[in-house]
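# Topology and contacts: notes
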Amino acid sequence: QKEVEQNSGPLSVPEGAIASLNCTYSDRGSQSFFWYRQYSGKSPELIMFIYSNGDKEDGRFTAQLNKASQYVSLLIRDSQPSDSATYLCAVIGRTGFQKLVFGTGTRLLVSP
Amino acid sequence: NAGVTQTPKFQVLKTGQSMTLQCAQDMNHNSMYWYRQDPGMGLRLIYYSASEGTTDKGEVPNGYNVSRLNKREFSLRLESAAPSQTSVYFCASSSLGGNQPQHFGDGTRLSIL
């Protein structure tokens, strides 16, 4: 079992819809959870981070964390074609230092 | 504000050649990291430096060495390049302690022939 798992996609949504991206992790002691966006040929860009159970909103983005079920999700409201990218989920486990473990990413395609 | 700067952006090497990838950050971060990204494998940690003067192995350290030159700079060296080291290399930095997010440089695209 991979430490951090994501569906590779592509996830296709029409412009204006809500895109829902999901991530599961295996280490029950994981502390922190991050979402990065990566455009093709570019570097990962931090979008959101969440540490506690529940929802965290930032503009059109909402991160949701459920530690009991070991999943974290990212909702993108009013999706735009410019949101088309690969979204990477990253988790810090219980190792005591901030070593991020990345999923392989979900490719999102937003069609006009 | 440059953030994390990596040089070079592209490089082609022959098998057996050596090379050093450079990384510098201007965010006064204590911790720095080197990753490689390969198709289908995601980002994997090669080495990290929690603070100036310390370095530790990550998930895939074989074939690499690192030097934390000072607080700003963290270099990655390939002593004898192999085709399996063809990849995109990213440097990142973060504040020390807790669960600080990491910020990435633009990457170095390295091909080993």
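Below you will find a few notes about this structure. Computed from a prediction, not measured in an experiment: that's the story for all the values here. (Residues numbered from 1 in each chain as written. Chains lettered and ligands numbered in written order. Predicted model: local features only at pLDDT ≥ 70, side-chain atom pairs only at ≥ 80, totals over all residues. Heavy atoms only, no water.)

## A closer look at the pattern of salt bridges
According to the stated counting rule, one finds 7 salt bridges over all chains in the structure shown. Among the charged side chains, a salt-bridge network with shared partners connects Arg-36, Asp-38 and Arg-44 of chain B. (Salt bridge = Lys/Arg side-chain N within 4 Å of Asp/Glu carboxyl O.)

## Description of the sheet that holds strand 3 (residues 19-25) of chain B
In a beta sheet, neighbouring strands pair by backbone hydrogen bonds and run either parallel or antiparallel. All names here are of chain B. Spatial strand order, 1-3-8-7: 4 strands in an open sheet with antiparallel pairing. Since the sheet does not close on itself, it has two edges, and those belong to strand 1 (4-7) and strand 7 (64-68), each with one partner. Here the strands of the sheet are splayed against their neighbours by 20° on average, with no regard to which way each runs. Two elements, strand 7 and strand 8 (residues 74-78), share 5 bridges in a ladder whose sense is antiparallel. When the bridges of strand 8 are listed, Tyr-64 appears paired with Leu-78. (Pairing = 2+ DSSP bridges. Helix = DSSP H or I, 4+ residues; strand = E, 2+ residues; numbered from the N terminus. Axes fitted to C-alpha atoms, helices over the stretch in contact; angles between N-to-C directions.)

## Quick word on the packing of aromatic side chains
We describe a pair of aromatic rings using the distance from one ring centre to the other and the angle between the two ring planes. Per the counting criterion, the structure on display carries 12 aromatic pairs over all chains. With 4.8 Å between their ring centres and 45° between their planes, Tyr-25 of chain A and Phe-33 of chain A make a pair best called tilted. Residue Phe-33 of chain A is classed as buried on the basis of its relative accessible area, which comes to 0%. Judged by centre distance (6.4 Å) and plane angle (75°), the rings of Phe-34 of chain A and Tyr-51 of chain A are edge-to-face. Here Phe-34 of chain A, found in strand 4 (residues 32-38), pairs with Tyr-51 of chain A, found in the loop between strand 5 (45-50) and strand 6 (54-58); they are 17 residues apart in sequence, far enough to count as distant. Ring pairing ties together the aromatic residues Tyr-36 and Phe-102 of chain A together with Tyr-33, Tyr-35, Phe-90 and Phe-104 of chain B, which thus form one cluster. Looking at Lys-56 of chain A, its charged tip hangs above the ring of Phe-49 of chain A, at a distance of 3.7 Å from the centre. A cation over a ring is seen here: Arg-60 of chain A above Phe-61 of chain A, with NZ or CZ 5.5 Å from the ring centre. (Phe/Tyr/Trp six-rings, centres within 6.5 Å; stacked < 30°, edge-to-face > 60°. Buried < 20%, exposed > 50% of the residue type's maximum accessible area, 1.4 Å probe, protein only. Lys NZ or Arg CZ within 6 Å of the ring centre and 35° of its normal.)

## Focus on the nonpolar core
Residues and elements named next belong to chain A. In terms of nonpolar packing, the biggest core is built from 23 residues, with Trp-35, Val-72, Leu-74, Ile-76 and Tyr-87 touching the most fellow members. If you list the elements that add at least two residues to this core, you get strand 3 (19-25), strand 4, strand 5, strand 7 (61-66), strand 8 (71-76), strand 9 (85-92) and strand 11 (106-111). Every residue in contact with Leu-74, bar those within four places of it in the chain, is listed here: Ala-19, Ser-20, Leu-21, Trp-35, Met-48, Phe-61, Thr-62, Ala-63 and Tyr-87. (Core = buried A, V, L, I, M, F, W, Y, C linked by side-chain atoms within 4.5 Å. Contact = heavy atoms within 4.5 Å.)

## Here's the deal with the state of the cysteines
As used in these notes, a disulfide is a covalent bond between sulfur atoms, one from each of two cysteines. The full count for this structure, using the stated rule, is 2 disulfides over all chains. For Cys-23 of chain A, the disulfide goes to Cys-89 of chain A, at an S-S distance of 2.1 Å. Of note, the bridge from Cys-23 of chain A to Cys-89 of chain A carries an S-S torsion of about -70° and is left-handed in sense. With Cys-23 of chain A in strand 3 and Cys-89 of chain A in strand 9, the pair connects residues that are 66 residues apart, well separated along the chain. In this structure Cys-23 of chain A comes out as buried when scored by relative accessible area, which is 0%. A sulfur-sulfur distance of 1.9 Å marks the disulfide that ties Cys-23 of chain B to Cys-91 of chain B. The sign of the S-S torsion, about -75°, decides the handedness of the disulfide formed by Cys-23 of chain B and Cys-91 of chain B: left-handed. In this pair, Cys-23 of chain B sits in strand 3 while Cys-91 of chain B sits in strand 9 (residues 87-94), placing the two residues 68 residues apart along the sequence. (Disulfide = S-S within 2.5 Å.)

## A short note on the interface of chain A and chain B
Contact residues are listed per partner, giving 21 residues for chain A and 26 residues for chain B. Interface of chain A and chain B: buried area, both sides summed, is about 1,700 Å²; carbon and sulfur atoms make up 56% of it. Applying the counting rule to chain A against chain B returns 4 residue pairs in polar contact (both at pLDDT 80 or more). In terms of residues, the side of chain A that touches chain B owes the most to one element, strand 4 of chain A, which gives 4 residues. Of the residues assigned to the side of chain A that touches chain B, the class counts are 11 nonpolar, 8 polar and 2 charged. (Buried area = accessible area lost by both parts, 1.4 Å probe. Polar contact = N/O pair within 3.5 Å; in protein donor to acceptor, adjacent residues only side chain to side chain. Nonpolar A, V, L, I, M, F, W, Y, C, P; charged D, E, K, R; others polar.)

## Topic: the side chain of Ser-31 of chain B
If you trace the backbone, Ser-31 of chain B turns up in strand 4 (residues 31-38). At 2.7 Å, the side chain of Ser-31 of chain B forms a polar contact with the backbone oxygen of Ala-50 of chain B.

## Considerations on the pairing of strand 3 of chain A
Residue and element names in this part refer to chain A. Of the two faces of strand 3, only the one carrying Ala-19, Leu-21, Cys-23 and Tyr-25 is buried; Ser-20, Asn-22 and Thr-24 on the other face are not. Two strands pair when backbone bridges link them, and strand 1 (residues 4-5) and strand 3 are joined in this way by 2 bridges, in the antiparallel orientation. Bridging from a neighbouring strand, Val-4 pairs with Tyr-25 of strand 3. Summarising the sheet, strand 3 and strand 8 pair through 6 bridges and their orientation is antiparallel. Across the sheet, Cys-23 pairs through a bridge with Val-72, a residue of strand 8.

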